[in-house]
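Per-entry structural report
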Amino acid sequence: MTWIKATFIGLILLGILVISAFFIWLAPVGAGYTAKIMCSAIFVNGLSSDRARDEDVLADNNPLLSLITANVDLRHQTVSAHAFGFRKRIAVFRPNLGCTLSDDPARIEQLRATSPLIRPIPAQPLRTASVPGNIDRRAFNNILADAMDEPGTDISRRSRAIVVLHRGKVIAERYAPGINATTPLPGWSMTKSVFNALLGRMQQEHMIPGVDSPVLINEWQSRVNDPRAVITYDQLLHMSSGLEFDESYWNPLSDVVQMLFVEPATAGFAVTRPLEHKPGEYFSYNSGATNVLSAAMRNISRSILSYQHIPFDMLFRPLGIRNAVIETDQDGYFIGSSFMHASARDWAKIGQLFLQDGVWNDEQLLPPDWVKYSVTPAPAAPNGIYGAHWWLQLPGSRDKDGNARVNGPTIPDDAFFALGHDGQIISVIPSKELVIVRLGLTRDGSAFDQYRFVGSISALFPDIVARNGDTTVEVENTAQSAE
């Protein structure tokens, strides 16, 4: 009977350990994630409380999140979440800044008082056009219909918006129920590519030096012989800063999860990471790099309010982007790695700006060589997969041995992409003059084949080989539809 008693005691101790781990490590993450995601879904994206909870938080997600209780305060525009009354987290909505996590209810009023007042942005609606006559419309519509449909009886794809631009005009768009052309939707890591654009705008306006200059981070420059003080804009944009950072979303204790959903100061956490490799020599995609850039942007701004005006005044206003916010931490720093929301048409404008080599309405918004720099493979990136905060290849473009994909439709070599968690994508294909945006809530990667979707659309359009004024010369399209 001794072994039975020992087994029983062991099970009790294991249960205590599991419960302790939940309340110490998992509950703060779960409560923070639930409060933040629900707050943004309700007050930024305009979804119902039930949909925000059932889809944006729980659908195909960690089952432990069902143990988190959320309370929505529509009057004060806050969402609080807790685990059985413990580890309470609060997210508060602010106009122009979206939702911010805080552990301190007393700070809610302080946060609200710091919302920037933004002058109305004049509309610049994208023009629309019919699908070109030389395109197989039936095949094109079938691709879009399939992308908005579910692959099986289980709902797992959850496509929410698709916009296709050809030569800068909307030729197709599709929306899920409850979503429309003005609904802001989360881009997750597509925000990184927007931060690339912001840095380009700041360089064009002589607000920051060249990309080879070290970033200004007070914590690094103030310490004698801090090896991080030599890290440059270029190395951060190329994801080769050498900073130690764990980008494992499955691990609740990883740097990225703690930074986004536990730490009160997102940028503050990112700049504390120690140096693991010599800057410039090792590629490591991570969200900390972009939030270090966010801290550098703040450090060269006159004030927190002037810093918070940068996206609106330098990018959103020139492009006529009216349905976008970049959310901040409780110190007011933009979470540039992950938390921008914009309508599908507004995300498409970001892609179109880069397709047009940084020119918008005949104004050079980005430095003349900025797009070329952005889509040149990072020196340390394996197989040339990454540029400067833009992806140069899609997941699925190579097999496990690194060989290029040969079956099915292919994507032109000049294409580049902004990618985000849950299946967000902006595809820019200059040789086809196409920008393709797809937004959704796809946590099962097998439910939506991004490569096949983009490749199938691309295959229907002829290559642009020359442009003479307003005259475009095209290559006859002999590619076969994927359908």
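Residues numbered from 1 in each chain as written. Predicted model: local features only at pLDDT ≥ 70, side-chain atom pairs only at ≥ 80, totals over all residues. Heavy atoms only, no water.

With that out of the way, let us pick up the overall build of the chain. Of regular secondary structure, the chain possesses 14 helices and 16 strands. When burial is assessed residue by residue, the chain has 56% of its 483 residues classed as buried. Partitioning the intrachain contacts of the chain with sequence separation of at least 6 by distance along the chain shows that 65% fall at a separation of at least 24. Accessible surface, the chain as shown: approximately 21,000 Å² in total, 54% of it carbon and sulfur. (Helix = DSSP H or I, 4+ residues; strand = E, 2+ residues; numbered from the N terminus. Buried < 20%, exposed > 50% of the residue type's maximum accessible area, 1.4 Å probe, protein only. Contact = heavy atoms within 4.5 Å. Areas by Shrake-Rupley, 256 points an atom, 1.4 Å probe, with all protein chains shown as cover.)

This part covers the sheet that holds strand β3 (residues 86–94). Taken together, four strands build an open sheet; the order of strands is β1-β2-β3-β4 and the sheet is antiparallel. At either end of the open sheet lies a strand with only one pairing partner, and these are β1 (69–73) and β4 (98–102). Adjacent strand axes in the sheet meet at a mean angle of 20°, parallel and antiparallel pairs treated alike. (Pairing = 2+ DSSP bridges. Axes fitted to C-alpha atoms, helices over the stretch in contact; angles between N-to-C directions.)

Another point: the sheet that holds strand β8 (residues 325–326). With antiparallel pairing, three strands are arranged side by side in an open sheet as β7-β9-β8. Because the sheet does not close on itself, it has two edges, and the strands there are β7 (185–186) and β8. This element, helix α12 (residues 344–355), spans β7 and β9 (340–342) of the sheet and lies at about 110° to β9.

This part is about the side chain of Q330. Its location among the elements puts Q330 in the loop between β8 and β9. Here S102 takes part through its side chain, which lies 3.1 Å from a polar atom of the side chain of Q330. Those residues in contact with Q330 that lie beyond four places of it in its chain are T100, L101, S102, D103, R107, L111 and P264. (Polar contact = N/O pair within 3.5 Å; in protein donor to acceptor, adjacent residues only side chain to side chain.)

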